[in-house]
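# Results of the structural survey
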Amino acid sequence: PDPAVSLGIGLIAYDLGNYAESQKRLGQLLTDRKLGTPTIETTENGETRVVENDQYWEATLKLLRSNVALAGDGQSEAKTQSKNYLKQLYVRWGDQVGGKKWGPEFQKLRQELIPNFDPNADPDATTAPSTAPAAPDSPAEPVEATPPPQ
């Protein structure tokens, strides 16, 4: 189906509390990159500038919230992956997560799911030292974060 139609259905399903349908629709759109990236280029009066992609941030927030709602109070793979993905977003985007429009909602979700997470902390100081050296063929560059599976 058309991405705009799937987005509309996914957002309406979320608003109605149908988190399974929301998770399915929004997760697929984000996985297939049909909503673009967190920022997009726009041209106005011949000038190109980078702006926040509100559709991407809204869909990401509501996918994560759907995962949490479906998990309930218990732990699930989707909930754990949602926490990890939220951490990745904060490490990569810092206080820009969610943009101006959705940032406050991401902050609320962060306080609920990962209240003690500090994206600016030295990762070596917060994790136990490895007992084995890193594999020599491990990638040197960070891998692009992908949304948690639905």
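The rules behind these values
- Residues numbered from 1 in each chain as written.
- Predicted model: local features only at pLDDT ≥ 70, side-chain atom pairs only at ≥ 80, totals over all residues.
- Heavy atoms only, no water.
- Helix = DSSP H or I, 4+ residues; strand = E, 2+ residues; numbered from the N terminus.
- Buried < 20%, exposed > 50% of the residue type's maximum accessible area, 1.4 Å probe, protein only.
- Contact = heavy atoms within 4.5 Å.
- Areas by Shrake-Rupley, 256 points an atom, 1.4 Å probe, with all protein chains shown as cover.
- Expected span 1.5 Å × (residues − 1).
- Arc of directions from axis to C-beta.
- pLDDT = per-residue confidence, 0-100.
- Core = buried A, V, L, I, M, F, W, Y, C linked by side-chain atoms within 4.5 Å.
- Salt bridge = Lys/Arg side-chain N within 4 Å of Asp/Glu carboxyl O.

This paragraph deals with the overall build of the protein. Helix and strand counts for the protein stand at six helices and two strands. Secondary structure elements of the protein, listed N to C terminal, follow the sequence α-α-β-β-α-α-α-α. Looking at the 150 residues of the protein, the share that counts as buried comes to 33%. Intrachain contacts of the protein at a sequence separation of at least 6 include 61% that bridge at least 24 residues. Looking at the protein as shown, the accessible area adds up to about 9,500 Å², and 51% of this sits on carbon and sulfur atoms.

An α-helical turn contains 3.6 residues, so a residue and the one three or four places further along point in the same direction. Here helix 2 (residues 19-31) contains 13 residues, and its C-alpha end-to-end distance of 17 Å stays within 8% of the 18 Å for a straight helix at 1.5 Å per residue. For helix 2, the full list of buried residues reads Ser22, Gln23, Leu26, Gly27, Leu29 and Leu30. Projected down its long axis, helix 2 shows its buried positions confined to an angular sector of 160°, all on one face. If you follow the buried residues of helix 2, they end up packed against helix 1 (3-15) and helix 3 (54-71). Looking at the residues trailing helix 2, positive phi occurs at Arg33, about 60°.

Counting all residues, the mean pLDDT for the protein is 85, and 81% of those residues have values of 70 or more. Across residues 126-144 the pLDDT falls below 50, and counting only partners more than four positions away or on other chains, this stretch makes three contacts in the model.

Formed by 24 residues in total, the largest nonpolar core has its most connected members in Leu7, Trp57, Leu86, Leu89 and Phe106. Only helix 1, helix 2, helix 3, helix 4 (77-93) and helix 5 (99-113) provide two or more residues apiece to this core. No other element matches helix 3, which puts seven residues into this core. When sequence neighbours within four positions are dropped, the list of residues in contact with Leu86 reads Leu64, Phe106, Leu109, Arg110, Leu113 and Ile114.

With that settled, the discussion passes to the pattern of salt bridges. Summed over the entire model, instances satisfying the criterion amount to six salt bridges. With a shortest N-O distance of 2.6 Å, Arg25 and Glu21 are connected by a salt bridge. Here Glu21 and Arg25 lie together in helix 2, a separation of four residues that amounts to about one turn. Looking at Glu21, the relative accessible area reads 22%, which means it is partly exposed. Its salt-bridge partner being Lys62, residue Glu58 comes within 2.9 Å of it at the nearest N-O pair. Taken together, the residues span about one helical turn, with Glu58 and Lys62 both in helix 3 at a distance of four residues. This pair shows no difference in class: Glu58 is buried, exactly as Lys62 is. Members of the salt-bridge network, linked through shared partners, are Asp15, Glu58 and Lys62.

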